[in-house]
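What follows is each chain in one-letter form.
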Amino acid sequence: MEDIGPSVKGLKEKFHVLGVEIFRSEVTVEVPKEDIVEICKYLYSDPDLQYHLLTDLCGLDLFPQAPRFAVVYHLCSIKNNRRLRLKSKVGETESISSVESIWKVANWYEREAYDLFGIHFENHSDLRRILLWDGYEGHPLRKDFPVEGPDFDKPFVPEV
Amino acid sequence: MAETRYMTINMGPQHPATHGVLRIVLELDGEVVVSATPHLGHLHRGVEKLAESKTYHQAVPLTDRLDYTNAMGNNLAYVLAVEKLLDIEVPKRAQYLRVMMAELQRIAAHLIWLGTHALDIGAMTLLMYTFREREEILRIFEEVAGGRLTPTYLRIGGVSKDLPEGVEEKVKAFVRAFPGHVKEYETLLTENIIWLKRTKGVGAISAEDALNWGVTGPSLRGSGVKYDVRKAFPYSSYEEFQFDIPSGSNGDVYDRYLVRLREMEWSNAIVEQALERLPGGMIIADDPKVALPSKEMVLTDIAALIRHFKIVSEGFQPPVGEVYASVEASKGELGFYIVSDGSNKPCRFRIRTPSFANLSALSSMIKGSLIADVISTIGSIDIVLGEIDR
């Protein structure tokens, strides 16, 4: 049995954990989306853990599974030199709470996940598209979105 | 009295000091910035989506084009992620060659930054100096890999070619001369009164805020946090090299400048160590299912030709799983998160780029400062829009 670290032990004691997976000595913890803010708060503020750096936050399309999406959080604790991956599944019509109140960088990451996957974040201060322009239709990183774009064979005539 | 209204100004997307096509909407009270809203996406090419439709080998050239000043480092982050997924061992010689190229590339990237950053602030001369040294590095890359800006030198399992004859001497000559050049740059800037006035105390960010904004790389170390992926999570044999992590204390533009200068010197020292201790042996992993055979083998051995064709046309099928691998790129932590569903193409290809997070911190750095300081602050966080917009 590989060392799962103090963070997973703490999470298991305090919260409802859906699953722990270890692949290539990277720990992934799946948690219910309702608890995500509380869990992140705990991981951030616990004096023994101190996950002060949200390295990455991204969406994941699990099509054709249900619930369809997952939000993946990569946390890094500089004090303990440890990484931790959290994963939380979100259905197509559901939304997940924003962790912007804990890590400010989540603002842009969540905007990106919203832009490219259409995942909705509750309590986000400014949820709009970030890489694509306002008024763009569709979410390109979804699995049912064609690589060439939906209208690649149609002539582009701008409205005058 | 008329009511107070703020003036809104568009900076970019064609402004030369935004280092690419970044648009920042500034709300101004006179000359003081009240708020700044960056608008991204002018360079969005859908690299993540594109890579999901390609085999693992085909995605390597895409990574060169993220942060186009740091192509070798981008290659390295990606191939490390795939190698972790496949769980293959890379030969020592290839690891050392990777370190050597990544550090030369870091110097080249920092030289572009130094030249353009100084140019933004008004010190024109430096650009001529820094591009002179950068040219030497690019010539070395051209000889080694065949390309200058986008060499695509690394392969999954190793590197594409061994060092050609005579290159070691050129690298040695560069390494010997470079510390003198850094001193040259310093005589122009470090104690220059105009430079000090334009950079000291400008665009400052505390260590706590910088971490909260996800800032990494020299911009974070300028605030005093000694976080460097090369030391914290060593990869590609970095644990065998002696180097220090320079850091600042004030987190302002000047400290970030000093951190990068010192970093160039340490990178130079790492290149020197890699050259001294360069081990012999293979340059690519001995794994026939993954590693591409050499050109000579393909042209002389029918089995190698078939193998080459199979790998190029079909690719390989890694096990189901997900990995995250990151390197200390010139701008900060560059990470690749790859989810494999067992097919020959990645199911999710996520790129965590340092510039994206670093830029998100910009608005908090420049709130309340003057427009002129916006220019020097953008320069000091060293962004490249190619990796922000992907």
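Look above for the structure.
Residues numbered from 1 in each chain as written. Chains lettered and ligands numbered in written order. Predicted model: local features only at pLDDT ≥ 70, side-chain atom pairs only at ≥ 80, totals over all residues.

Participant: Mind showing me how you'd approach the overall build of chain B here?
Facilitator: What chain B contains, in helices and strands, is 17 helices and eight strands. For chain B, whose C-alpha radius of gyration is 22 Å, the value lies close to the compact-globule estimate of 21 Å for 390 residues. Out of the 390 residues belonging to chain B, those deemed buried represent 52%. For chain B, the share of sequence-separated contacts (at least 6 apart) that also reach a separation of at least 24 residues comes to 70%. (Helix = DSSP H or I, 4+ residues; strand = E, 2+ residues; numbered from the N terminus. Rg over C-alpha atoms; globule rule 2.2 N^0.38 Å. Buried ≥ 20, exposed ≤ 12 C-beta atoms within 10 Å, placed from the backbone. Contact = placed C-beta atoms within 7 Å.)

Participant: Just checking my understanding: could you explain the sheet that holds strand β3 (residues 32-39) of chain B for this structure?
Facilitator: Paired through their backbone hydrogen bonds, the strands of a sheet run either parallel or antiparallel. Residue and element names in this part refer to chain B. Spatially, the three strands line up as an open sheet ordered β1-β2-β3, and their pairing is antiparallel. Each edge of the open sheet carries a strand with a single partner, namely β1 (7-11) and β3. Neighbouring strand axes in the sheet, compared pairwise and without regard to direction, differ in orientation by 20° on average. Relative to strand β2 (residues 23-29), β1 runs antiparallel, the two sharing five bridges. Across the sheet, residue Thr8 finds its bridge partner in β2, namely Glu27. (Pairing = 2+ DSSP bridges. Axes fitted to C-alpha atoms, helices over the stretch in contact; angles between N-to-C directions.)

Participant: Can you help me understand helix α5 (residues 125-145) of chain B in this one?
Facilitator: Given 3.6 residues per helical turn, the α-helix brings residues three or four places apart onto the same face. Residues and elements named next belong to chain B. With 21 residues, α5 should reach 30 Å at 1.5 Å per residue; the first-to-last C-alpha distance of 31 Å fits that figure. Every buried residue belonging to α5 is among Leu126, Thr130, Glu133, Glu136, Ile137, Ile140, Phe141, Val144 and Ala145, and all of these are buried. Along the axis of α5, the buried residues cluster in a sector spanning 150°; they form a single face. Turned more than 90 degrees off the buried face of α5, the exposed positions are Met128 and Arg132. Taken together, the buried residues of α5 touch α4 (92-121) and α6 (167-189). At the C-terminal side of α5, Gly146 shows a positive phi close to 100°. (Expected span 1.5 Å × (residues − 1). Arc of directions from axis to C-beta.)

Participant: Explain helix α16 (residues 371-381) of chain B to me, please; I cannot follow it from the model alone.
Facilitator: Residues and elements named next belong to chain B. Of all eleven residues in α16, nine are buried; the element is thus mostly enclosed. By the burial criterion, the buried members of α16 are Asp373, Val374, Ile375, Ser376, Thr377, Ile378, Gly379, Ser380 and Ile381. Immediately beyond the C-terminal end of α16, within one or two residues, lies Asp382, with a positive phi of roughly 55°.

Participant: It is not clear to me how the sheet that holds strand β1 (residues 19-23) of chain A should be interpreted in this structure. Could you clarify?
Facilitator: All names here are of chain A. Strand order in the open sheet formed by five strands is β1-β2-β5-β4-β3, with mixed pairing between adjacent strands. Looking at strand neighbours, the two that pair on one side only are β1 and β3 (53-61), the edges of this open sheet. Within this sheet the neighbouring strands show an average axis-to-axis angle of 20°, counted without direction. In terms of strand pairing, β3 meets strand β4 (residues 69-77) through eight bridges, oriented antiparallel. Note that in β4 the partner of Leu53 across the bridge is Cys76. Helix α1 (residues 5-14) contacts β1, β2 (26-30) and β5 (82-90) of the sheet and is inclined by roughly 15° relative to β2.

Participant: What exactly am I supposed to notice about the interface of chain A and chain B here?
Facilitator: The figure often quoted for interface size is the accessible area lost as the parts come together. In this assembly, 27 residues from chain A lie in contact with 32 residues from chain B. Broken down by secondary-structure element, the contributors of at least two residues to the side of chain A that touches chain B are β2, β3 and α3 (106-117) of chain A. Among the elements that take part in the side of chain A that touches chain B, β3(A) stands out by supplying six residues, more than any other. Residues that form the side of chain A that touches chain B fall into these classes: 16 nonpolar, six polar and five charged. (Nonpolar A, V, L, I, M, F, W, Y, C, P; charged D, E, K, R; others polar.)

Participant: I keep staring at the nonpolar core and nothing clicks. Help me out?
Facilitator: Nonpolar side chains in soluble globular proteins tend to end up buried together. All names here are of chain B. Ranked by internal contacts, the top residues of the largest apolar core, which has 148 residues, are Ala77 and Ala81. With 17 residues, α4 is the single largest residue contributor to this core. The contacts of Ala77, once residues within four sequence positions are left out, are Ala325, Ser326, Val327, Ala329, Leu334, Gly335 and Phe336. (Core = buried A, V, L, I, M, F, W, Y, C linked by C-beta atoms within 7 Å.)

Participant: Mind showing me how you'd approach the environment of A:Ala66 here?
Facilitator: Residues and elements named next belong to chain A. Relative to the helices and strands, Ala66 resides in the loop between β3 and β4. A count of 10 C-beta atoms within 10 Å places Ala66 in the exposed class. Along the chain, Ala66 and Asp35 lie 31 residues apart, while their C-alpha atoms are 19 Å from each other.

Participant: So what exactly am I meant to see when it comes to unusual backbone geometry here?
Facilitator: Among all residues save glycine, negative phi is the norm, and among peptide bonds the norm is trans. Residues and elements named next belong to chain A. Between Phe63 and Pro64 the backbone carries a cis peptide bond, its omega angle lying at 5°. Within the secondary structure layout, Pro64 lies in the loop between β3 and β4. A cis amide bond links Ala66 to the next residue, Pro67, at an omega of -5°. Summarising the element assignment, Pro67 is placed in the loop between β3 and β4.

Participant: Just checking my understanding: could you explain the pairing of strand β7 (residues 333-340) of chain B for this structure?
Facilitator: Regular strands place side chains that alternate from one sheet face to the opposite one. Residues and elements named next belong to chain B. Taking burial as the measure, the eight residues of β7 include eight buried ones, the bulk of the element. Both faces of β7 are covered, namely the face carrying Glu333, Gly335, Tyr337 and Val339 and the face carrying Leu334, Phe336, Ile338 and Ser340. With eight bridges joining them, strand β6 (residues 321-328) and β7 adopt antiparallel strand pairing. Each residue of the ladder has a partner; that of Glu322, found in β7, is Val339. In this antiparallel pair of consecutive strands, β6 and β7, the connection spans four residues, and Gly332 shows a positive phi of 150°. Where β7 and strand β8 (residues 348-352) come together, five bridges link them in antiparallel fashion. By the bridge assignment, Tyr337 is partnered in β8 with Arg350.

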